[in-house]
Amino acid sequence: MSQLKLLYLHDNLLSSYDDIKSLSTTPILEILTLHDTPLSLKKNYRHHVVNSIWSLKVTRSMNRLVLIEILLL
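Residues numbered from 1 in each chain as written. Predicted model: local features only at pLDDT ≥ 70, side-chain atom pairs only at ≥ 80, totals over all residues. Heavy atoms only, no water.

Enquirer: Which residues make up the side chain of T33, and what values do they have?
Expert: Assignment of secondary structure puts T33 in strand 2 (residues 31-33). Taking relative accessible area as the criterion, T33 reaches 5% and is therefore assigned buried. A distance of 2.7 Å separates the side chain of T33 from the side chain of H10, its partner in a polar contact. (Helix = DSSP H or I, 4+ residues; strand = E, 2+ residues; numbered from the N terminus. Buried < 20%, exposed > 50% of the residue type's maximum accessible area, 1.4 Å probe, protein only. Polar contact = N/O pair within 3.5 Å; in protein donor to acceptor, adjacent residues only side chain to side chain.)

Quick look at the structure:
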């Protein structure tokens, strides 16, 4: 997963923060989608995701959540 830049996880059955925990080790992940998942229905899920994957920035795109990595130098 070290070369993973883009990951679409929307419209699936992800329901736990543990389901995405391993993404915190993907060094060049740039885009992650999580809309329309049971996880996205949890209160403050964006906060938890961003704090789990430190390099992500929250942005809205077409009324759907897209998390985009900020490259930290």
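Enquirer: Talk me through the packing of aromatic side chains; I want residue IDs and the actual numbers.
Expert: Under the criterion given, the structure shown has 0 aromatic pairs. Above the ring of Y17, the side-chain terminus of K42 is found at 5.2 Å from the ring centroid. (Phe/Tyr/Trp six-rings, centres within 6.5 Å; stacked < 30°, edge-to-face > 60°. Lys NZ or Arg CZ within 6 Å of the ring centre and 35° of its normal.)

Enquirer: Tell me about the side chain of S40, residues and numbers included.
Expert: Secondary-structure assignment places S40 in the loop between strand 2 and helix 1 (45-52). At 2.7 Å, the side chain of S40 and the backbone oxygen of T37 are in polar contact. Excluding residues that lie within four positions of it along the chain, S40 makes contacts with L34, H35 and Y45. (Contact = heavy atoms within 4.5 Å.)

Enquirer: Before we move on, could you go through the environment of L13 and cite the residues and values that matter?
Expert: Along the chain, L13 falls in the loop between strand 1 (6-8) and strand 2. A relative accessible area of 74% means that L13 is categorised as exposed. Residues L13 and D36 lie 23 residues apart in sequence; the distance between their C-alpha atoms is 8.9 Å.

Enquirer: Just give me the short version of the confidence of the model for the protein chain, but keep the residues and values in it.
Expert: Put simply, the protein chain has an average pLDDT of 75, and 74% of its residues get 70 or more. pLDDT under 50 marks residues 59-63. Its contacts with residues more than four places away, or in other chains, come to 6 contacts. Every residue in residues 69-73 scores below 50 in pLDDT, and together they form 9 contacts with partners more than four places removed in sequence or on other chains. (pLDDT = per-residue confidence, 0-100.)

Enquirer: Describe the environment of S2, with residues and values.
Expert: Relative to the helices and strands, S2 is located in the segment before strand 1. Given a relative accessible area of 43%, S2 falls into the partly exposed group. Leave out the neighbours within four places in its chain, and S2 touches P27 and I28.

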